[in-house]
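# Per-entry structural report
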Amino acid sequence: MNFLKNNKLPIALLILATINLLIFYALYGFHPNNDTTSFIDLIKFFRGYDVSFFPARYLNPLYAVVSAKVLFFMSPEQSLITINIVFYYGLVLLTYGLIRRVFKNIFIGFVSAITVMSGYAMVRYALTQVQDMGGYFWFVLTIYAGWRWWEDKNRSWLYLGGMAVAFGVLTKESGCMGALFVGILFLLDKVSWKERVLNFLRFSIFPFATIIVNGLRGADVDYNSALWFASSWKGYAAENYTLLRWFGVHASTYNILWFFIAIGLYFLIKNWRNLDSNIKIYLLAVIPSSMSYYVWSVFIARTVFISAWLFVPIASYGIYNIYIKGRWFKHAAVGMIVLAVITPYIIQSTLRYATLFTIMKLCKNNIPCTWNYFWKNREQFSTTGDVLYFEYK
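Residues numbered from 1 in each chain as written. Predicted model: local features only at pLDDT ≥ 70, side-chain atom pairs only at ≥ 80, totals over all residues. Heavy atoms only, no water.

Attention now goes to the overall build of the protein chain. When helices and strands are counted, the protein chain shows 21 helices and 0 strands. For 393 residues, the compact-globule estimate of 2.2 N^0.38 gives 21 Å, and the C-alpha radius of gyration of the protein chain, at 21 Å, lies within 12% of that figure. C-alpha extents for the protein chain along the principal axes are approximately 55 × 55 × 45 Å. Split into buried and exposed, the 393 residues of the protein chain put 52% on the buried side. Nonlocal contacts in the protein chain, meaning residues at least 24 apart in sequence, comprise 75% of its contacts between residues at least 6 apart. Per element, the accessible surface of the protein chain, about 18800 Å² overall, is 67% carbon and sulfur. Charged side chains in the protein chain number 34 positive and 17 negative. The centres of these two groups are separated by 12 Å. (Helix = DSSP H or I, 4+ residues; strand = E, 2+ residues; numbered from the N terminus. Rg over C-alpha atoms; globule rule 2.2 N^0.38 Å. Buried < 20%, exposed > 50% of the residue type's maximum accessible area, 1.4 Å probe, protein only. Contact = heavy atoms within 4.5 Å. Areas by Shrake-Rupley, 256 points an atom, 1.4 Å probe, with all protein chains shown as cover. Lys, Arg positive; Asp, Glu negative; His and termini not counted. Charge placed at Lys NZ, Arg CZ, Asp CG, Glu CD.)

So, in structure tokens, the structure goes:
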């Protein structure tokens, strides 16, 4: 009973996370997505099948190895879903633990966790048969470990953070970007440069070893990350980095949360002088990691979402400052939380898997034409990922 009493909020989060998972499954199922085939091919290869695979996936083998060696009794699809569910629960708890410690506020940590679990990128991508969930998990674990080291200077956290970066390299490129956060903390730490270098070396042991080994592995398929980035930028950057797409992707990724982010920024500026210095340090240190999605050539919600651990706490801080103003404001704050949770589902159920930017290109950015085209073909844009390659013409 003491365990339940002492951990009632994490347990409540796990219950809410389970409810969210069941709602997602009931609405959409754990369906394939546009990269699923390439992940399945690599899993089959690691299980001994004679199949060809996309060489870039060979550099991110964690899911395939777990599927082949641990979850071998499942189908490749089931193993992808199972691994994602494990990472999903871990991500929710890590988000709560991290933001609660930074703001020293249970409410802000709790709201941040439930906002992340139901985010648009989670609904549209991460809970489907892709590997983004693993990338988010290692990203946040790195930040969490780095923050714990910042709090108590226990070197064990540096080794854990380094291991998280290493596993991030083997899972999804976004998974290793939390290293930028830890690097900023090293620069802000008030110790000698010698100690900073030593801390960097402690943190970097596992990532550098992994990068070296993965580079040697890449020789097996005559491929490396540099080739992947170069070909990706050449093939996708021009159509992705436009003002319209920049605005559209950001608008859909955080949707109604932008209003709450604006409220949070207002209160942060208003309370800046009295704000705990650690909150300021966190918000500064997390910016490079959060903005690292600009390194990717494809501008899409699943890449943009690693900025959630910058924007979501700010939104939650705004909701908290509304909540503490009085009885009726509490009702408003609860309403804001509900809107933050359900809006991504409304957007996904409305837009489905239509690629609006492709439609806008066909319509030469004519809004009425875009809307008419979308609505006319709406039933063909499956909500469950069964029809991902609609022929736009």
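Structure's up, so let's keep going.
Attention now goes to the packing of aromatic side chains. Applying the stated rule across the entire model yields 48 aromatic pairs. With 5.7 Å between their ring centres and 90° between their planes, Phe72 and Phe73 make a pair best called edge-to-face. You can call Phe72 exposed: its relative accessible area is 53%. Of note, Lys153 hangs over the ring of Trp149, and the distance from its end group to the ring centre comes to 4.8 Å. We note Arg196 situated over the ring of Trp193; from NZ or CZ to the ring centre the distance is 4.3 Å. (Phe/Tyr/Trp six-rings, centres within 6.5 Å; stacked < 30°, edge-to-face > 60°. Lys NZ or Arg CZ within 6 Å of the ring centre and 35° of its normal.)

The residue Pro207 is located in helix H12 (residues 193–218) in this model. Linking Pro207 and Leu21, residues 186 residues apart in sequence, is a C-alpha distance of 32 Å. Setting aside residues up to four positions removed in sequence, Pro207 forms contacts with Gly162, Val165 and Ala166.

Contact geometry of helix H16 (residues 277–290) with helix H18 (residues 308–323) gives a least axis separation of 8 Å together with a crossing angle of 140°. Between H16 and H18, the crossing angle belongs to the class labelled oblique. In this structure, H16 uses Tyr282, Leu283, Val286, Ile287 and Ser290 to contact H18, whose residues at the interface are Trp309, Leu310 and Ile314. Looking at side-chain class alone, the contact of H16 with H18 contains 7 nonpolar, 1 polar and no charged residues. (Axes fitted to C-alpha atoms, helices over the stretch in contact; angles between N-to-C directions. Parallel < 35°, antiparallel > 145°, perpendicular 65-115°, else oblique. Nonpolar A, V, L, I, M, F, W, Y, C, P; charged D, E, K, R; others polar.)

A few words on a nonpolar patch on the surface. A cluster of nonpolar side chains, Val197, Leu198, Phe200, Leu201, Phe208 and Ile211, forms an exposed patch at the surface whose accessible area comes to about 520 Å². When you line up the elements, Phe208 lands in helix H12. Overall, Phe208 belongs to the partly exposed group, its relative accessible area being 46%. (Patch = residues over 30% accessible without salt bridge, like charges linked within 9 Å, V, L, I, M, F, W, Y side chains within 5 Å. Salt bridge = Lys/Arg side-chain N within 4 Å of Asp/Glu carboxyl O.)

Moving on, we come to unusual backbone geometry. Positioned with a positive phi, Lys153 is a non-glycine residue whose angle comes to about 60°. Position of Lys153 relative to the elements: it lies in the loop between helix H9 (132–152) and helix H10 (156–169). Accessibility expressed as a relative area gives 37% for Lys153, which makes it partly exposed. Not every positive phi belongs to a glycine, and Asn255 is a case in point at roughly 30°. Structurally, Asn255 can be placed in the loop between helix H14 (243–254) and helix H15 (257–270).

Those residues of helix H3 (residues 36–46) that fall on the buried side of the exposure criterion are Thr36, Ser38, Phe39, Ile40, Leu42 and Ile43. Tucked inside the fold, the buried residues of H3 contact helix H4 (55–58), helix H5 (62–69) and helix H6 (76–103). Taken from the residues just after H3, Gly48 is the one with a positive phi, measuring 100°.

Once that is clear, we can look at the state of the cysteines. The full count for this structure, using the stated rule, is 1 disulfide. A sulfur-sulfur distance of 2.1 Å marks the disulfide that ties Cys363 to Cys369. The sign of the S-S torsion, about -65°, decides the handedness of the disulfide formed by Cys363 and Cys369: left-handed. Residue Cys363 is classed as buried on the basis of its relative accessible area, which comes to 8%. (Disulfide = S-S within 2.5 Å.)

Structural measurements only, silent on function.
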